[in-house]
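Residue-level listing of the chains:
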Amino acid sequence: MKMTKPGQKRLISNAITYAIVIVAYVLIQILDGSGNLTSSLRGQLVPICAYIVMAVSLNLTVGVLGELSLGHAGFMSLGAFSGVIVSLGLRDTVSAGPLRLLAALLVGAVIAGLFGFIVGVPALRLRGDYLAIVTLAFGEIIKNVINTLYVGIGPDGLRISMSDQASLGLGESGTVIMRGPMGAVGVDKLASFGAGVILVLITLAIVLNLVHSRSGRAIMAVRDNRIAAESVGISITRYKLTAFIISAALAGAAGALYALNYSTVVARKFDFNTSILVLVFVVLGGIGNIRGSIIAAAVLTVLPELLRAFNDYRMLAYAVILILVMLTSNNDRLKQLRWRIRSYFQHSSRRQEAEHE
Amino acid sequence: MNNPAKMVPVPSRAIIPERDLGVTPILEVSHLGINFGGLNAVEDFNIIVGRTEIAGLIGPNGAGKTTVFNLLTKVYQPTRGAILLDGKDTAGMSTMQINQAGIARTFQNIRLFQALSVEDNVKIGLHNQFKYSTLSGILRLPRYWDAERKAREQALELLSIFNMERMASYKAGSLPYGAQRRLEIVRALATRPSLLLLDEPAAGMNPSETEALMANIIKIRDMFQIAIMLIEHDMRLVMGICEGIAVLNYGKIIAKGTPEEIQANPAVIEAYLGQKKEA
Amino acid sequence: MTFLSYLVSGLSLGSIYAIIALGYTMVYGIAKMLNFAHGDVIMIGGYMSFVATAHMGWPPLASVLLAMLVCTVLGVLIEQLAYKPLRTAPSLAVLITAIGVSYFLQNAALLIWSSNPKSFTSVVLLPSLKLFDGQLTISSVALVTILACVAIIIGLTFIISKTKIGKAMRAVSEDKEAAQLMGINVNQTISVTFAIGSALAAIAGVLLCSAYPILSPTTGAMPGIKAFTAAVFGGIGSIPGAFWGGLLLGLIEIFGKAYISTQLSDAIVFSILILVLLVRPTGLMGRKISEKV
Ligand SMILES: Nc1ncnc2c1ncn2[C@@H]1O[C@H](COP(=O)(O)OP(=O)(O)O)[C@@H](O)[C@H]1O
Ligand SMILES: [Mg+2]
């Protein structure tokens, strides 16, 4: 059968998204090669990639699944610290940096995905606001627990303690990786811009391919109408979990990438504010709009660097942006009409019965 | 009305009054009931639907018709009673399992996946027909291409029942009201049900649309050889295409029979007249 | 003795949570939204009282009244400007807006008062109570907090069950459309709910800062989230639920800190939240809401 218009449109739209990333990469390489990149901007390249992955993956939860997660930074944190531990643990056995980075990203993704499952099972049974609060609580728990962790590598492998460094009993030969509230220290800076761009492209491929597949449609069906989705034989729990776990795993990989760009990493970095920041990227780029997430994450990470004077007002501006985007996007007469019809169907059965019967 | 063991000319197309069909009926419901906060919304509901029967469920507003559908599809868990689908007990099943077991439905208050295209809505109905794993989808393995192609062909074929193929790329939420109702039927059909429940399929349709719908309901039954049970207020539709009709009032069945029997039943006339006076 | 003093601290912290939780629960019950910014209204209340006493030399009680007045106006203003246009919007949009408002208040406070913490002087000037020959000291703030909480609960229960506006609130929380048909002014009822909740937030803010005398722009965030947790514990929408949930949470936090781990106390509180929701998704006293299809 011939490919119809929407299919083509979708293909072109996806191609543009990939192209934007690749063109941006090439341009930045050219700028860098000709010495036109400031060092502060160069330092932002890996974090930008990490934030793009964060934004795209959160958009999977917020835009595609239609659930609000306020603990996305918690998954980033899990990925960051497990990635750091893996990269340092492999220091003696694997010498190639890129391989260790790959291992760190994979383990970061798996650990975060695993926690996505653990949190998702209870949380996804809850409705809207409750889910948001549980994910928030989860983020706080992660921050809290990681803040008390001491991790080191001794001659006989990994040692973990929750009281202090001495109790690790590493002796002379061991390496301390995490020192409680001081976080991870002596991290190898394995991350590079190139690796970051590859991670962004992989993330895009995963999310875009997922959305345009059987599972993606099931996820969107659950979002658009839970009861109708069930009535056509779709398992709500299964697809909510699928989206949530993939989203968490990608955040984990982003965390590992982010962490391996610095020599020290603290759990405080991945707090509620970071979750909100990523949410701002998603909302500003357009809920459900993957390309928008990329652009918003990149621009909003670079902008404060360029406009230092503006820095004091940045957070205030983000807050205003969040509110205004919500008010305007829901205030458009047409939109409001549509939503009104929809909430009619969802909330007030009495009135609607009177109308349709 | 409950005179069993009466011979039926076409065994596969028996009607609502309990009779020996010779084959297992598709649906056998006995003593079904539910109450909401003390109010018995449905009480002692008994019905049998033959394998290729078109059955009607009528009654005044608030009689409990939609609730019956919600009970059959386990959107609400029944307080009492048994539902046998194709002879098998459905106790403990979820809405999803009920669909997989063979019941599909539409909703009185249209529940489409508004933000998605018409084609995607039907493909979602085909969810359990052309399966492949999430991973195959992400990695675009051959199974993905194969299943997607088949799903697309099937979706367009199903849409063609209502001449809706050319709307495949439209957003479901942007369709006119009547087309949305038809799309819901297509989506339900996509799940390959053996029993299709239609909740007020003609609501909001003009007379000529209703006329076409009647022909299409019969066409669907004949094409797919399935049973259809419908709730409808349009008496021309009900009397025109239903082979058996049950009348519900205040949650209880007050009459069952053929269209002719129902039209002549004093209790039914009373129930509808009472309704008119209130209105 | 130490056990008793932990008990008193737990009850006092729990009372603060309960007062905050009341605001969440009332707004949730009536406007069906999670007012994420509620915690930050607490912080504004704290700053108002601080500015009045430290900069303008007002007596403590007057500063509390000022805080209540400002917070009430602020609460109603937030509702009118940010939430009211979204009455029919999906809950995701409302929640994101509320988060935006919360962020706005925090960052506005940051610009006005800077991130340097202010040391807050307690508004309760009474001497602390010494019992058992001085072995057990109960601070006057703790006592006043517990008494204030009990008084507020009694007052609120009275308002809701006996007054006209209380009846309107109950009707709106049951069924907005039906209430409207019965001639109840729904918008006005929602505004009054925000006003009461915000006034309570101001009281909670002053009591919180009196007990833990450090005031910064993020002072309200964590207690706000925990109080919401308390409201969920008790069953959101339920006033006794907010009371018991608040007390329980305060006790868990203080005893967790004392007997398990100081650093992990927040993790303990939040883990219990997740557990409660797992077992009873509607909280300890919440009602099951079923969706009509
Ligand atoms: N989830 C529910 N909770 C409480 N009452 C309900 C619920 N669903 C339906 N009802 C009540 O059950 C009765 C029957 O409703 P329904 O089945 O929708 O009637 P209809 O015959 O018009 O389709 C009505 O009084 C309705 O208000
Ligand atoms: Mg109905």
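Our subject is the structure that appears above.
Residues numbered from 1 in each chain as written. Chains lettered and ligands numbered in written order. Predicted model: local features only at pLDDT ≥ 70, side-chain atom pairs only at ≥ 80, totals over all residues. Heavy atoms only, no water.

**Thoughts on the interface of chain C and chain A**
On the chain A side, the residues contacting the 48 residues of chain C number 49 residues. When chain C packs against chain A, close to 4,500 Å² is buried across both sides, 73% of that on carbon and sulfur atoms. When the area that chain C buries against chain A is broken down by residue, the three leading residues are T88(C), I96(C) and Y103(C), summing to 15%. Our count for the contact surface shared by chain C and chain A stands at zero salt bridges. Remark: the boundary between chain C and chain A carries one residue pair in polar contact (both at pLDDT 80 or more). Put simply, the parts of the chain that give the side of chain C that touches chain A at least two residues each are helix 3 (60–83), helix 4 (91–113), helix 9 (221–234) and helix 11 (265–279) of chain C. A per-element tally of the side of chain C that touches chain A places helix 4 of chain C first, with 14 residues. Taken together, the residues that form the side of chain C that touches chain A break down as 35 nonpolar, eight polar and five charged. (Contact = heavy atoms within 4.5 Å. Buried area = accessible area lost by both parts, 1.4 Å probe. Salt bridge = Lys/Arg side-chain N within 4 Å of Asp/Glu carboxyl O. Polar contact = N/O pair within 3.5 Å; in protein donor to acceptor, adjacent residues only side chain to side chain. Helix = DSSP H or I, 4+ residues; strand = E, 2+ residues; numbered from the N terminus. Nonpolar A, V, L, I, M, F, W, Y, C, P; charged D, E, K, R; others polar.)

**Some points on the sheet that holds strand 3 (residues 175–179) of chain A**
Residues and elements named next belong to chain A. With respect to topology, three strands assemble into an open sheet ordered 2-1-3, the strand pairing being antiparallel. Of all the strands in the sheet, just strand 2 (157–161) and strand 3 have a single pairing partner and so form its edges. In this sheet, adjacent strand axes meet at a mean angle of 20 degrees when their direction is disregarded. Pairing geometry for strand 1 (residues 150–154) and strand 2, over five bridges, is antiparallel. Considered in strand 2, the bridge of V151 is made with I160. Helix-sheet contacts for helix 3 (residues 72–89) involve strand 1, strand 2 and strand 3, and the interaxial angle to strand 3 is about 175 degrees. (Pairing = 2+ DSSP bridges. Axes fitted to C-alpha atoms, helices over the stretch in contact; angles between N-to-C directions.)

**As for the coordination of the magnesium ion (ligand 2)**
Residue and element names in this part refer to chain B. Within the first shell, the magnesium ion (ligand 2) binds the protein through T66 (OG1) and Q108 (OE1), at distances of 2.0 to 2.2 Å. Here the residue T66 occupies a position in helix 1 (residues 65–72), and Q108 occupies one in the loop between strand 6 (103–105) and helix 3 (118–125), the gap between them amounting to 42 residues. A residue is classified by how much of its surface remains accessible, and T66, at 15% relative accessible area, is buried. Take Q108: its relative accessible area is 7%, and that puts it in the buried class. (Donors = N, O, S within 2.8 Å, 3.2 Å for Na, K, Ca; no water. Buried < 20%, exposed > 50% of the residue type's maximum accessible area, 1.4 Å probe, protein only.)

**Digging into the nonpolar core**
Burial of nonpolar side chains together is a common tendency in soluble globular proteins. Membership of the largest hydrophobic core comes to 224 residues, with the highest contact counts inside it found for L68(A), L70(A) and F36(C). With 16 residues, the single largest contributor to this core is helix 9 (residues 236–259) of chain A. For L68(A), the residues in contact, after removing those within four places along its chain, are V62(A), L131(A), A132(A), T135(A), L279(A), L92(C), L95(C), I96(C) and I99(C). Among the nonpolar cores identified, the runner-up in size contains 48 residues, and V118(B), L158(B), A172(B) and C242(B) belong to it. (Core = buried A, V, L, I, M, F, W, Y, C linked by side-chain atoms within 4.5 Å.)

**Looking at the sheet that holds strand 5 (residues 88–89) of chain B**
All names here are of chain B. Spatially, the four strands line up as an open sheet ordered 2-1-4-5, and their pairing is antiparallel. In this open sheet, the two strands that pair with only one neighbour each are strand 2 (39–49) and strand 5. Note: strand 1 (residues 27–36) against strand 2, seven bridges, orientation antiparallel. When the bridges of strand 2 are listed, F36 appears paired with L39. Along the sheet, helix 1 contacts strand 1, strand 2 and strand 4 (80–85); its crossing angle with strand 1, the most-contacted strand, is approximately 115 degrees.

**Some points on the packing of helix 3 of chain A against helix 4 (residues 97–123) of chain A**
To characterise two packed helices, one gives the angle between the axes of the helices and the distance between these axes. All names here are of chain A. Contact geometry of helix 3 with helix 4 gives a least axis separation of 7 Å together with a crossing angle of 140 degrees. Taken together, the axes of helix 3 and helix 4 lie oblique to each other. Considering how the two elements wind past one another, helix 3 and helix 4 form a crossing that is right-handed. Contacts between helix 3 and helix 4 pair F75, L78, G79, S82, G83, V86 and S87 from the former with R100, A103, A104, V107, G108, I111, A112, F115 and G116 from the latter. A per-class count over the contact of helix 3 with helix 4 returns nine nonpolar, six polar and one charged. (Parallel < 35°, antiparallel > 145°, perpendicular 65-115°, else oblique. Left-handed = near helix turned anticlockwise from the far one by under 90°.)

**Description of the packing of aromatic side chains**
All names here are of chain A. All told, the structure shown has 20 aromatic pairs over all chains when counted by the stated rule. Their ring planes at 85 degrees and their centres at 6.2 Å tell us that F81 and F270 sit as a pair that is edge-to-face. Here F81, found in helix 3, pairs with F270, found in the loop between helix 9 and helix 10 (272–285); they are 189 residues apart in sequence, far enough to count as distant. Assessed through its relative accessible area of 3%, F81 is described here as buried. Ring centres of Y258 and F270 lie 5.9 Å apart, and the angle between their planes is 75 degrees; this geometry places the pair in the edge-to-face category. Separated by 12 residues along the polypeptide, Y258 in helix 9 and F270 in the loop between helix 9 and helix 10 bring together distant segments of the chain. Accessibility expressed as a relative area gives 6% for Y258, which makes it buried. (Phe/Tyr/Trp six-rings, centres within 6.5 Å; stacked < 30°, edge-to-face > 60°.)

**Regarding the side chain of K256(B)**
All names here are of chain B. If you trace the backbone, K256 turns up in strand 10 (residues 252–257). Looking at K256, the relative accessible area reads 8%, which means it is buried. At 2.8 Å, the side chain of K256 and the backbone oxygen of N46 are in polar contact.

**Brief notes about the environment of G237(C)**
Residue and element names in this part refer to chain C. In this fold, G237 is placed in the loop between helix 9 and helix 10 (239–259). G237 sits in the partly exposed class, given a relative accessible area of 41%. With 72 residues separating them along the chain, G237 and I165 place their C-alpha atoms 17 Å apart. Filtering out sequence-adjacent residues up to four positions away, G237 remains in contact with T25 and G29.

**What to know about the pairing of strand 8 (residues 227–231) of chain B**
Residues and elements named next belong to chain B. When you tally the buried positions in strand 8, you get five out of five residues, the bulk of the element. Alternating residues of strand 8 divide into A227, M229 and I231 and I228 and L230, and every residue in both groups is buried. With four bridges connecting them, strand 3 (residues 54–58) and strand 8 associate as parallel partners. Within strand 8, the residue paired with A55 across the bridge is M229. Sheet analysis places strand 7 (residues 195–199) next to strand 8, joined by five bridges and oriented parallel. Across the sheet, L196 pairs through a bridge with I228, a residue of strand 8. With helix 7 (residues 207–224) bridging strand 7 and its parallel neighbour strand 8, the resulting β-α-β unit is right-handed. (Right-handed = clockwise from strand over helix to strand, strands pointing away.)

Honestly, that's just the spatial picture; any functional story needs more than this.
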